[in-house]
Every structure is written in C-alpha cells, then in structure tokens.
Protein chains: 2
Amino acid sequence: MPQALATLKTLIEEHLAAERSDPVRALQTPEQLRAKFELAPPEEGIPFEELSERLRGIMAATPATASDLFFNQLYGGRDPAAFTGDVISAVLNTSMYTYKIGGVQVLIELALVKRMGQMMGFPDAEGVFTPGGSLSNLAGMVVALNQAIPGYKDHGAQGKQPRIYTSIEGHYSVPKAAGLLGVGQSNVVKIPVDGRGQMLPEALEAAIVSDIEAGFTPAMINATSGTTVLGAFDPIAAISAIAKRHNVWLHVDAAYGGTFVFHPELKAHFADVGLADSVTWDAHKVMSTPLTCSVILVKEKGLMTQAMSQSASYLFQGGEDEFNPGTRSIQCGRRNSALKLWCAWQVNGDAGYLAKTQSVRNNALTAQRCIEAAPELSLVRVPESINICFDAPGVDTDALLDAVCESGQGMIGHAQVDGRTVVRLVFLNSDVRTEVVERLFVAIQAQARALAIAPAA
Amino acid sequence: MPQALATLKTLIEEHLAAERSDPVRALQTPEQLRAKFELAPPEEGIPFEELSERLRGIMAATPATASDLFFNQLYGGRDPAAFTGDVISAVLNTSMYTYKIGGVQVLIELALVKRMGQMMGFPDAEGVFTPGGSLSNLAGMVVALNQAIPGYKDHGAQGKQPRIYTSIEGHYSVPKAAGLLGVGQSNVVKIPVDGRGQMLPEALEAAIVSDIEAGFTPAMINATSGTTVLGAFDPIAAISAIAKRHNVWLHVDAAYGGTFVFHPELKAHFADVGLADSVTWDAHKVMSTPLTCSVILVKEKGLMTQAMSQSASYLFQGGEDEFNPGTRSIQCGRRNSALKLWCAWQVNGDAGYLAKTQSVRNNALTAQRCIEAAPELSLVRVPESINICFDAPGVDTDALLDAVCESGQGMIGHAQVDGRTVVRLVFLNSDVRTEVVERLFVAIQAQARALAIAPAA
C-alpha cells in the first residue's frame, strides 16, 4: 500500500495538470488504441512501477470528463471532498447490506436519506443508495408494481397487465426498466408534452382512463423533474391529483433536477414533490460526486422491504430492517456511495449547494445570451434549467460538434428536438467560469461560420 | 485537490496502522454511534480540516473488513494494485456507457470480458461489469427470460408463467431477482442437494418435466459454482445435459467460486462451464478488489443487447454496439469497475491468482486440521473449497461468535446447515498467514471451553 499511495499521488497530480493543459482529447478509434496499449491480462505479473507507467499512458488517453470543457453528459466536475469520501470508501471497503458489517456507514446513509427525503417533502422517507438513476427508477417501479398488484413479489402479475406512464421527454430508463421487469416496453405509455417539455396532465388522465376501460392495471406514473434534453419539470401537483384519483403510484425522476431543490427560484418546482410516492435523486450529477451516487426515496416506510426483501440467514444476522439496508436494496454486496456525498455535504453545506446551483444556472443564462447575440446560432428553447438546446441554421449539428471537439474547444453532445438534431449543451460543473462559457461560444460561432462556407464532407 | 490528496495520505496511513492494531472492532449500537457523531448534513459547510477530523473518528468506528481477522462475508482483503485502479477510476470519473465517453476504458473492460469468458469456456463472450453478483445474476435471468419467451422485452410474459430452477443451497439473489423481475419468488423451484451441497440432477429434471406438464415455461436453471454456505460446486455437465434436453437457459452463478478457475485442483469444477449460456463472476470476492467488481458473461454475442437495449439518441451517438456497453447493461451511468481488476491482474498475473487461490485453500485446510484436532469442535462438512462449517457441540453458536468478536479475536458469521446454526468461516483474504489461522482456533477453542462451563446468558 505505501507504493500504491505514492504512485497515486504522482499520477493524480499529473492528471490534474493534464486536464488543464489538454482538456478535450481527440477521439481515437479502437484500432488506434489497441495498437498503442497491451490490454490483455498477462500470465506473469508486472512490477508495480510498470503498472504505474501503463496507467500514465491510459489516463492520458481517457476522455477528460471533469475538465471545464466537458459539457457532454449529465455528470462531471470534481468535488475534492466527495473524491476524498470515495477513496475512503474504497479503503474501508464496507459492504452496505447489514449494520453488523456497515456500522456507522449505515447510519451515514440513513442520515442522508432522511435529509434528502425531507427536502423532497417526505417527512420520514425510507430509501437506499443505488448504482445510478436508472436503477433508482427501476427500484421505484418495483415498489409501484407491488402496490398495484398485491403479491407481485411472490407471484408476479397474476394475469394482470401493468401499465407505466411517462412523458415522451422522460428518460429512457423508464421504458428500459419496464422491459427488464417483465412489464414490457410496449406497456409504457408515452404522454405528450407542451412546448416547454412538460407532460400534459389531461393527456395523462385520458391515457389512464382508456387503459382502465381496456382492462389494464395502471401501476406507475413517472413524472420527471429535469428532463434529459430540455431540463424541463413536469407539473407535479396536477399529475399527483390524477394519480390519487386513479390510485396510481407517482414516482418522480429527479435524478438530474433534484439538486435544484437548493436553487432560490428553481426550487419552486419541488413544492409539490411531497405529494408523490417515490423520488430518484442523483448526487453524481449536479452535486458532482464521482460515479455513482443515486438515491431512491420512498415516502411510506416498509414498502421497499416488502417489495424487495428475501431472507438469507447467512447474511442478515440480527437487528432491525431499518439498520439493514440490504433488505430494501436490489443489490446484495454494495459499495458505499453515501460517504462521498456525506463528505461533500459537510464541506459545502446547504449554502455551498445553493451557490453551486446558482453558478451552473448563471452559466446557462450566459450561454443563452451568447446564442441570442450570435447571428450564426439559433436558440431552440428558452432554457428551463441548465440545458441549452440550439443549432446553427444551415450547418449540420454533428459536423459542428465534431469540429469543436476535434479542435479541443469543448466536448458537447446532441439531442433530438422537434424532430431534428440540435446541440444540447449542459452545465453541471460549477467550476466552469463565465469566461469559459463566453470563449466556448466564440469558438462555436467561428466553427459554424467556417462550416456554413465550406460544409464538412 | 492538493488538500484532499494530503488528507487522504494521512488518513489512509493511520487506517492501515489501526487495522493492524485494532483488527476487530467491538460492535456499537446505533444509539452509541449517534451520540458520538454529528451525522446530519450542515447548513453551513465546515473547513476541510474539520472534515478530516470527523473522518478520522468515523473510520476508526467502522468495522474493519480488510483486516486479517475478518472472516465474515464473501469479500475482503485488499489488493494495492486494485485499490490504485479504483482510485484512478474515481479521478477519471468515466461513465461506462459509450465509447465516445469511455474510450480506452471501454477497451479495458472488453479485454477483461474476453479473457474471463475464455477462462470459463466461452471463446468469444459478450459481457459487462455490474455492481455486484446479485445484479449479474439478475442480468443473466433477463437474457434467459427473453430467450424463453420471444418478445419478452417488448410485451412481457404474454400469459406464460416462467419458472426458474436453483438448488436449495443457491444464493438468495436468484429468488430475489425472480421477485423483482415479475416472475414471482414462488416460481423459483428449489432443487434438493446431496450431502456435499451439490444440486441433484435427477430432481432437477423431474421438476422441469413436471412443470412443462403443468403448463409452465422453464426459463432458466441456475447452477452454482461455489455455494454461499458450503462453497460447493453443482455438477455442470449433468445439469447442462438436462438444460439442452429441455431447451432451458443454463446460468452459472460463479460469483463466489469463479476465481478457483485458477486453482490447480479446483479448476476441474470449471471444465464444463463452457456448456452453459451465461456466467456470473465476482472479482471483489476472491480476487480482493474493492467493491464492486462483478461481471456477467454471455456465450452468444448479441443476446444481451437484444434483451436490454433501449434507444436514446441523447446518449448513444455513433459507433457499434460492441463498443457501447450501455446497450447491454441494466445501468445507464456506470462507474468503471473494470480498471481496478485490470490493474490487479497486471500486477498479479495469472500466476499470482493461482498462488492466491492456493493460499486461501491452504488456510481452509489448516482450519480443517485445527477443528479435527480440537476436542471442543466438530466439523460439519469436509470443505469443498474455502468455506469451513463447524460448531462446538453443547455451545450456542451465536454466543461463541459473539465472544470471539467481542474479545477482538475475529469477525466470523454463522449459517444454517442441517437445520441448525453453525459457524461459517470463510477464507478470502490471501494475506492471512497460517499462524493467524492457528491462533484463531486456539482462541475459538478457549471461548468454546469457557462457554461450555458457563453458558452465555
């Protein structure tokens, strides 16, 4: 371990410098990379020093997701306290199934679940950390199915056909979970949205009524707080009224948007989340912990254990379910993802997260102003939170993004809006300064002009 | 980050020393720990130095799972190279869904999948790392269900009732997955075992035949390579013949035992695994990487993507499925668990893992000898691999284990064998020396004698 610690210090310091000097790495093909690195495990081991050398090369070739020019996916940034907690988790190597093995780490998770639940309007939530928002949504769906169809865990759907409702702008993990869980992706009803990307409540109710008449069993409505492409918020109060009217579980996928509960204005979107039954919230997105750090929160205690638990005398050896999170997790052995968030929250405090959400929101508004001032660019939507969707009329979006990436100016992804491919720029890293945003748009404008004159092949 | 790195160095060095001087921590109640630590997230952040102080206390209060006296669960130990890889994964913070974002890290995962598949007898497996063996088994079941019932992903079971077969000694994750996936835990048929803990093939075939006659759809047989309690290996060749005869998917849960494919004798148990359709193998168990590091391997390429994929244009932006592991994962955002195993394998080589499996097997045989020589103790089964089940006749097993734990002599769990609670001692940490095992048994014998004279209250 002393050698490992010394090696890590060197490699990490070099990486932080490289992230600044080479923030956007050119994409290399699998063939190029395989020619460069010997990746197959060896028969005889190599000395630790040689591992260190190989890691140095591999790290330099890995896309830099924490650089201030990474705007491509809904994670990134780096919080030193969260990083510290993540490394300590690896050192302690706690498996979070039982109190006997987890001890104080289980209490840390419970403290976060309690606090995050309260922020979402659940006075005394139960919950558990999961390896990502997709699995949090899946866990919520499992609890919903068990509520909609009594005896689901033991006997399955018993001839009933559950249906799931989500907007056409909802995350793909919802139909994916329905496919995995035997509901079937075709039994996910995609509800239309308005121009801002918000689910239309009247369309939702019409779908549920029609499904009930057709003999289906409505099992879960998924409302999204922070949609993937537009960053939009579904109207929770109106959706909750429909859910209660038809006795359907309401899950809120706030994987992306949840952290805006700290933001002075955007927190208004969370005023009614307490009317829902369960919530997904990812800390590895806007709270910038290392992957993965997601929580599933359920308002009523006991339902998760009822839907998921399975006795195992070799594992659960005493204590109440509350202190044995394995009884409400889809996992058995489980990495400790709570400690990193706990560390980050200690150092940031609520006040720090408020400032962080303001910073990323301000960057989005800066981007909006840059686009509105740029004759080459066209804003596709007024940003609902921190997603900026725009394009350069007359210029192919993919060609534009490739040009920006290849010239090292930024790593940005695209999305479909109004049936066409547009730029989706997201601001999750609060370390990105206003000047960086402005400089990025100077670069994008220049690339757009160049491509408008000489379109890419 | 410089402050984080300096803090980590200090905290980790202290922890390693504490792990040696205080390897078995007394269990504290939630009330005791909550009185000692302020766990709720604060409104205002605290200075980093204060976080460091708080972490110091919390680390000292966390059960020490990597100490050489932790024998309680199927993970533990610490491999410095794996630890290095895990920390680098946190620094790089790669999400393993696409080649565009993962780059060379995706190729590292593919290299491991290829190699691990080959060792299991799958010449060209597809696979993906998952957050634990339970989810690897669940993923295998998802693929099996899609094979057993065409159109499962899109339409669910369509009136069919799938059935799953596993032995009564199989891991609880199999019925748990059936409960989560809508199959229903009651549709998991638990096949009896022989005295060594191996599934009885004739009982399996009888169950399948009877189920087919009753109109059920046999969807998956789960054979276990390394059962949780006894460390036993199901007879793959005989089970495979039944699977082929009735056209049922054969999944091998080698989460625990998989690493014994390196062992000179125990590898014989893997000679026929290539006849199966999918395999679970955890590297966070006998290969001692930090949690979690599990892989699901499927023999035929394309089936995982077919069973799991869901299009998402905001995520999958080019390239073939092979290089976009998100298409065959139940997760979306995904921590890189491959790099830590890759690092460990570089330094250990196959030769190092062979030596590691010999070391843990020898410790188990030493334990067997100690028990056989101890008049106070009784061996319940000849060890199949590295699990030692024994008890102290006339002494309550829980009282014995509590006494051993409270006196700081070792952290050991119990299990049910032949309808009674016995000690289940497991050797996964190859750093445990023979003398430590011998000393442990001197302690266990003394505690057993003391309890036989004065039984615990």
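Structure's up top.
Details of the overall build of chain A
- The helix and strand tally for chain A stands at 15 helices and 12 strands.
- Relative to the 2.2 N^0.38 estimate, which gives 23 Å for 457 residues, the radius of gyration of chain A is 23 Å and therefore close to what a compact globule would have.
- Summarising its shape, the C-alpha atoms of chain A cover approximately 60 × 55 × 45 Å along the three principal directions.
- Put simply, of all contacts in chain A between residues at least 6 apart along the chain, 75% involve residues at least 24 apart.

Some remarks on the sheet that holds strand S3 (residues 162-167) of chain A
All names here are of chain A.
- The 7 strands are arranged S2-S8-S7-S6-S5-S3-S4 in an open sheet whose pairing can be described as mixed. Taken across any chain shown, the strands that pair with only one partner, and hence form the sheet edges, are strand S2 (126-130) and strand S4 (188-191). Sheet twist, expressed as the mean angle between neighbouring strand axes with direction ignored, is 20 degrees.
- The sheet contacts of helix H11 (residues 236-246) involve strand S5 (217-224) and strand S6 (249-253), and relative to S5 the element is tilted by about 170 degrees.

Here's the deal with the packing of helix H3 (residues 48-61) of chain A against helix H13 (residues 338-373) of chain B
- It is at 9 Å that the axes of H3(A) and H13(B) come closest, and there the two elements cross at 145 degrees. Read as a crossing pair, H3(A) and H13(B) show a hand that is right-handed. Taken together, the residues of H13(B) that come into contact with H3(A) (itself represented by Phe48(A), Leu51(A) and Arg54(A)) are Cys343(B), Gln346(B) and Val347(B).
- Tallied by class, the residues present in the contact of H3(A) with H13(B) amount to 4 nonpolar, 1 polar and 1 charged.

Examining the pairing of strand S4 (residues 188-191) of chain B
- Here strand S3 (residues 162-167) of chain B pairs with S4(B) via 4 bridges, running parallel. Its bridge partner lying in S4(B), Thr166(B) is registered against Lys190(B).

Describing helix H15 (residues 434-453) of chain B
Residues and elements named next belong to chain B.
- Across its 20 residues, H15 extends 29 Å between first and last C-alpha, which sits within 8% of the 28 Å expected from 1.5 Å per residue.
- Of all the positions in H15, only Val437, Leu440, Phe441, Ile444, Gln447 and Ala448 are classed as buried. The arc that holds every buried residue of H15, seen down its axis, measures 130 degrees, which confines them to one face. Residues Glu435, Val442 and Ile453 are exposed on H15 and point more than 90 degrees away from its buried face.
- Of the surrounding elements, those touching the buried residues of H15 are H13 and helix H14 (397-406).

Quick notes on the relation of the copies chain B and chain A
- Note on the identical chains: chain B maps onto chain A by a rotation of 180 degrees and an axial translation of 0.0 Å, with an RMSD of 0.0 Å. The relationship between the two copies is best expressed as a two-fold rotation axis. Closest approach to the rotation axis among the C-alpha atoms of chain B is made by Leu181(B), whose C-alpha sits 2.1 Å away.
- Here 100% of the contact residues of chain B are again contact residues in chain A; the copies associate through an equivalent surface.

Things to note about the pairing of S6(A)
All names here are of chain A.
- Among the 5 residues that make up S6, 5 are buried, leaving the element largely enclosed by the rest of the structure.
- Burial along S6 is two-sided: Trp249, His251 and Asp253 facing one way and Leu250 and Val252 facing the other are all buried.
- Here S5 pairs with S6 via 5 bridges, running parallel. Of the residues in S6, the one forming a bridge with Ala223 is Val252.

Some points on the nonpolar core
- Leu181(A), Leu297(A), Leu181(B) and Leu297(B) are the most contacted members of the largest nonpolar core, which totals 313 residues.
- Apart from the residues within four sequence positions on either side, Leu297(A) is in contact with Val113(A), Met116(A), Gly117(A), Met120(A), Phe122(A), Ala125(A), Gly127(A), Ser278(A), Val279(A) and Trp281(A).

Things to note about the interface of chain B and chain A
- Each partner contributes to the interface: chain B provides 121 residues, whereas chain A provides 122 residues.
- Broken down by class, the residue content of the side of chain B that touches chain A amounts to 63 nonpolar, 42 polar and 16 charged.

Brief notes about unusual backbone geometry
Residue and element names in this part refer to chain A.
- Of note, the bond from Leu291 into Thr292 is cis; its omega dihedral lies within 30 degrees of zero at -15 degrees.
- Considering the arrangement of structural elements, one finds Thr292 in the loop between strand S7 (278-282) and strand S8 (294-298).
- For Ser288, which is not a glycine, the phi torsion comes out positive at approximately 60 degrees.
- Assignment of secondary structure puts Ser288 in the loop between S7 and S8.
- Residue class for Ser288 comes out buried when judged on the 27 C-beta atoms lying within 10 Å of it.

Let's talk about the packing of H13(B) against H15(B)
Residue and element names in this part refer to chain B.
- Where H13 meets H15, the closest approach of the two axes is 10 Å, and the angle between their N-to-C directions is 30 degrees. Considering their axes alone, H13 and H15 lie roughly parallel with respect to each other. Pair H13 / H15 crosses with right-handed handedness. Together, Asn363, Thr366, Ala367 and Cys370 of H13 and Thr434, Val437, Glu438 and Phe441 of H15 make up the contact between the two elements.
- Grouping the constituent residues of the contact of H13 with H15 by class yields 4 nonpolar, 3 polar and 1 charged.

Digging into the sheet that holds strand S12 (residues 420-426) of chain B
Residues and elements named next belong to chain B.
- Read from one edge of the open sheet, 5 strands run S1-S11-S12-S10-S9, paired in mixed fashion. Both outer strands of the open sheet, strand S1 (70-71) and strand S9 (378-379), are each paired with one neighbouring strand and no more.
- Pairing geometry for strand S11 (residues 411-417) and S12, over 5 bridges, is antiparallel. Residue pairing for S12: Val417 is matched across the bridge by Arg420.
- The strands touched by H13 are S9, strand S10 (387-391) and S12; relative to S10, the strand with the most contacts, the crossing angle is about 15 degrees.

Structural notes on the environment of Lys267(B)
Residue and element names in this part refer to chain B.
- By the secondary structure assignment, Lys267 is in the loop between strand S6 (249-253) and strand S7 (278-282).
- Considered as a pair, Lys267 and Gln346 are 79 residues apart in the sequence and their alpha carbons are 21 Å apart.
- Once you skip the residues sitting within four places of it in the chain, Lys267 turns out to touch Phe260, Val261 and Phe262.

Considering helix H3 (residues 48-61) of chain B
All names here are of chain B.
- In this model H3 runs 20 Å from its N-terminal to its C-terminal C-alpha over 14 residues, within 8% of the 20 Å that 1.5 Å per residue would give.
- Taken together, the buried positions of H3 are Leu51, Ser52, Leu55, Ile58 and Met59. Down the axis of H3, the sector holding all buried residues measures 130 degrees, keeping them to one side. Across from the buried face of H3, at angles greater than 90 degrees, the exposed residues are Glu49, Glu50, Glu53 and Gly57.

What to know about the environment of Gly151(B)
- Along the polypeptide, Gly151(B) turns up in the loop between helix H7 (133-148) and helix H8 (152-155).
- In this structure, the C-alpha to C-alpha distance between Gly151(B) and Thr130(B), residues 21 residues apart in sequence, is 24 Å.

Observations regarding the environment of Gly170(A)
All names here are of chain A.
- Locating Gly170 in the fold gives a position in the loop between S3 and helix H9 (173-180).
- Here Gly170 falls in the buried class, since 24 other C-beta atoms lie within 10 Å of it.
- For the pair Gly170 and Thr227, spaced 57 residues apart in sequence, the C-alpha to C-alpha distance is 6.0 Å.
- Residues in contact with Gly170, not counting those within four places in the same chain, are Asn222, Thr224, Thr227 and Asp253.

About the thresholds
- Throughout, a residue's number is its position along its own chain's written sequence, starting from 1.
- Labels follow written order: the first chain is A, the first ligand is 1, and so on.
- Reporting of local features is limited, given that this is a predicted model, to residues whose pLDDT is at least 70; pairs of side-chain atoms are given and counted only at 80 or more, and all residues count toward the totals for whole chains, interfaces and linings.
- Segments assigned H or I by DSSP are reported as helices when at least four residues long, segments assigned E as strands when at least two residues long, and all are numbered from the N terminus.
- The globule rule is 2.2 Å times the number of residues to the power 0.38, and the radius of gyration it is compared with is taken over C-alpha atoms.
- Note on contacts: residues are paired as contacts if their backbone-placed C-beta atoms lie within 7 Å.
- DSSP-based pairing: two strands are paired if at least 2 bridges between them are found.
- In this description, a line fitted to the C-alpha atoms serves as the axis of each element, helices being fitted only across the stretch in contact, and the angle between N-to-C directions of two axes falls anywhere from 0 to 180 degrees.
- Handedness of a crossing follows from how the near helix is turned relative to the far one, being left-handed for an anticlockwise turn of less than a right angle and right-handed for a clockwise one.
- Polar here means any residue other than Ala, Val, Leu, Ile, Met, Phe, Trp, Tyr, Cys and Pro, which are nonpolar, and Asp, Glu, Lys and Arg, which are charged; Gly is therefore polar.
- Helices are assigned an expected span. That span is 1.5 Å times one less than the residue count.
- Any residue whose C-beta has 12 or fewer other C-beta atoms within 10 Å is treated as exposed, any with 20 or more as buried, and any in between as partly exposed, C-beta atoms being built from the backbone.
- Directions from the helix axis toward the C-beta atoms define the arc.
- We superpose the copies by least squares over the C-alpha atoms of residues that have a pLDDT of at least 70 in both of them.
- The term nonpolar core refers to a group of buried residues, namely Ala, Val, Leu, Ile, Met, Phe, Trp, Tyr and Cys, whose C-beta atoms join them within 7 Å.
- For classification purposes, angles smaller than 35 degrees are called roughly parallel, those larger than 145 roughly antiparallel, those between 65 and 115 roughly perpendicular, and all remaining angles oblique.

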